[in-house]
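Architecture at a glance
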Amino acid sequence: MSYQLALCFTKISILVFYLRVFPGRRELWLSWITIGTVVSYSIPFLILDALQCDPTTKASFFGSGVACVRPRYIMIVSAIVHTMTDIWMVAMIIPVVWGLQIAPRQKYSLVAILSLGLFVAVASVARILSIMKANDSDPDITWIIADFDIVSLTYLFKRSCHLFHPRFSMRA
């Protein structure tokens with residue numbers, strides 16, 4: 001669940017940044033549509049994560065007659081959707097950068113910096129592959145991908161510290 005929250009809020013914060021930096025009408029619409037898309041698929045994933053079966057007893061929170069959803073499939077679908085969104089968020093700003101009236105060298109540098117977001121997509125593919133290696137018989141699949149969740153939480157904490165205390169955002 002923390003992984004879903006971290007991804008949702010990170011994507012929304014980047015898209016709000018796009019709203020502020022790229023004032024074109026097309027970019028505003030694309031950013032708002034993408035924000036709506038991120039929220040619309042994050043809420044069901046959060047609910048599925050919160051209400052899935054207890055991994056140790058394989059019991060449903062709704063009683064004994066309810067079948068459990070296998071968390072592995074939720075994680076795979078979630079990772080695929082988030083990877084596609086990451087690629088889309090990089091792709092939607094590259095035409096804006098190409099349209100800027102700056103020197104070609106600066107344009108290439110800016111595209112290269114903004115394209116670093118594709119490393120997130122590579123990490124997501126690595127996460128998908130590690131989830132696919134897991135078996136449904138594993139007692140707790142979350143331990144297989146715990147390292148990805150820890151890194152996500154650390155990044156979220158690091159990025160959100162300046163919201164809570166301005167001293168964190170000052171540079172020495």
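Reading guide: rules and limits
Residues numbered from 1 in each chain as written. Predicted model: local features only at pLDDT ≥ 70, side-chain atom pairs only at ≥ 80, totals over all residues. Heavy atoms only, no water. Helix = DSSP H or I, 4+ residues; strand = E, 2+ residues; numbered from the N terminus. Contact = heavy atoms within 4.5 Å. Areas by Shrake-Rupley, 256 points an atom, 1.4 Å probe, with all protein chains shown as cover. Salt bridge = Lys/Arg side-chain N within 4 Å of Asp/Glu carboxyl O. Buried < 20%, exposed > 50% of the residue type's maximum accessible area, 1.4 Å probe, protein only.

Regarding the overall build of the protein chain
Along the backbone of the protein chain there are seven helices and zero strands. For the protein chain, the N- to C-terminal ordering of α and β elements is α-α-α-α-α-α-α. Long-range pairs, those at least 24 residues apart, make up 65% of the contacts in the protein chain between residues at least 6 apart in sequence. Accessible surface for the protein chain amounts to roughly 11,400 Å². Of this, 71% is attributable to carbon and sulfur atoms.

Quick word on the pattern of salt bridges
Counted by the stated rule, this structure contains two salt bridges. The salt bridge partner of Lys 11 is Asp 86, with a shortest N-O separation of 2.4 Å. Of this pair, Lys 11 sits in helix 1 (residues 2-21) while Asp 86 sits in helix 3 (residues 71-91), placing them 75 residues apart in sequence. On the basis of relative accessibility, which here comes to 9%, the residue Asp 86 falls in the buried class. A salt bridge links Glu 27 to Arg 26; the shortest N-O distance between them is 3.3 Å. For Glu 27, a relative accessible area of 15% gives the class buried. Arg 26 gets classed as partly exposed once you look at its relative accessible area, which sits at 45%.

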